[in-house]
Amino acid sequence: MAMRKSNNSAVTSAAFQDHIIKSLLSEDFSDLSRRSRKSRKPPTREKLKDLETEYVLDPTPPTLTLAQKLGLVASPKERLTEEDWIEVKKRSLLREESAQPCTICREEFRLHPQVLLSCSHVFHRTCLQAFERFSGRKRCPICRREQYETRVIHDAARLFRHQCAIRIQAHWRGYSARKSYREIRRTKCPKDKKLRRRFFEDRLQELNDSFVRYCHTDTEDFLRDIDRSLSSSRQVFQQLERKRASEPQENNWDQIKTQVFQRGVWDCPICLTGLKDTSFPRTSGFSPHLHLRPTLLLSCSHLFHQLCLEAFEAFTAERRPTCPLCRSPYHKKLI
């Protein structure tokens, strides 16, 4: 019996010694080794079928020591299963922690890596790693629970993308509505008098702006186009006037003379001296030398000295000169 007791005490002491060496004394070294070398690398993007795949970050638990196998020391808790993680995530979703800022840095999660603890609290991955590094122990910053498990989730990223899509759609709908409204205001005339006046002012301003832009392209060519169009229009009107101005008959000349008598003007409008014809009354400033000039009667019922009118025609640039007084084409008759 004494031999068995001594053997049992020896086994027990060896078990405790093994547990102390593996757990307590090597705790700091194991932490340093975990920091220096990753015990479990997270899956790369090439290995992930879906970029939003969730995975556990904690390494696999170490093997049980002899003391834990003999029941002398409490063995660590079993790892959470997939069903357990689903329950933990449900508790986190009920509190809407992914929609709230990170408890450590007080910033939104957005697209930054996000981790879920086995106590159902959510943090930034970098924030939790920094907290563990500076605190020197693994404890939840909110509930102070130790020896938790960590799982990478993407709830905040999905929520942020959804909010971004909503904002983009809202901005696009606003842009489309404003564009259609501006098009309606630009094309449809309003019923109000003030608005209608403003509408036509804007349309006129648009026309003026387009005209100015066209002029700024090449002013000289634009002015040349105007000169050519004016000259062509003038030629057309001159041709029409030539067709209309037919030579008067003898009875028409009698009517034209009647108009001259009714007007009662007996001086040449060019040289402002009296005329020759004895049938016309002589003015007060009569001079026999001046009245020797021959007189011409125009079809427009105006009288001129023949030399004065020929001089006027010689200095006129037009092919068919017009009357110096009424600017109409004429036929002339010597009287």
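Note that this is a predicted model, so its numbers are computed, not measured.

Reading guide: rules and limits
Residues numbered from 1 in each chain as written. Predicted model: local features only at pLDDT ≥ 70, side-chain atom pairs only at ≥ 80, totals over all residues. Heavy atoms only, no water. Disulfide = S-S within 2.5 Å. Buried < 20%, exposed > 50% of the residue type's maximum accessible area, 1.4 Å probe, protein only. Pairing = 2+ DSSP bridges. Helix = DSSP H or I, 4+ residues; strand = E, 2+ residues; numbered from the N terminus. Axes fitted to C-alpha atoms, helices over the stretch in contact; angles between N-to-C directions. Contact = heavy atoms within 4.5 Å.

## What to know about the state of the cysteines
Summed over all chains, the structure comprises 0 disulfides. With no disulfide partner, C308 has as its closest neighbouring cysteine sulfur the one in C271, 3.7 Å distant. The class of C308 is buried, set by a relative accessible area of 11%. No disulfide involves C326; its nearest neighbouring cysteine sulfur is the one of C323, lying 3.7 Å away. For C326, a relative accessible area of 36% corresponds to the partly exposed category.

## Quick word on the sheet that holds strand β7 (residues 332-334)
A sheet is described by the order of its strands in space; here 3 strands give the open sequence β6-β5-β7, paired in antiparallel fashion. Of all the strands in the sheet, just β6 (303-305) and β7 have a single pairing partner and so form its edges. Sheet twist, expressed as the mean angle between neighbouring strand axes with direction ignored, is 30 degrees. Of the strands in this sheet, β5 (295-298), β6 and β7 are in contact with helix α9 (residues 250-263), which crosses β5 at around 105 degrees.

## Regarding the pairing of strand β4 (residues 150-153)
Neither face of β4 is left uncovered, since the one carrying T150 and V152 and the one carrying R151 and I153 both have all their residues buried. The pairing of strand β1 (residues 55-56) with β4 spans 2 bridges and is classified as antiparallel. Each residue of the ladder has a partner; that of Y55, found in β4, is V152. Alignment of strand β2 (residues 114-117) against β4, held across 4 bridges, turns out to be antiparallel.

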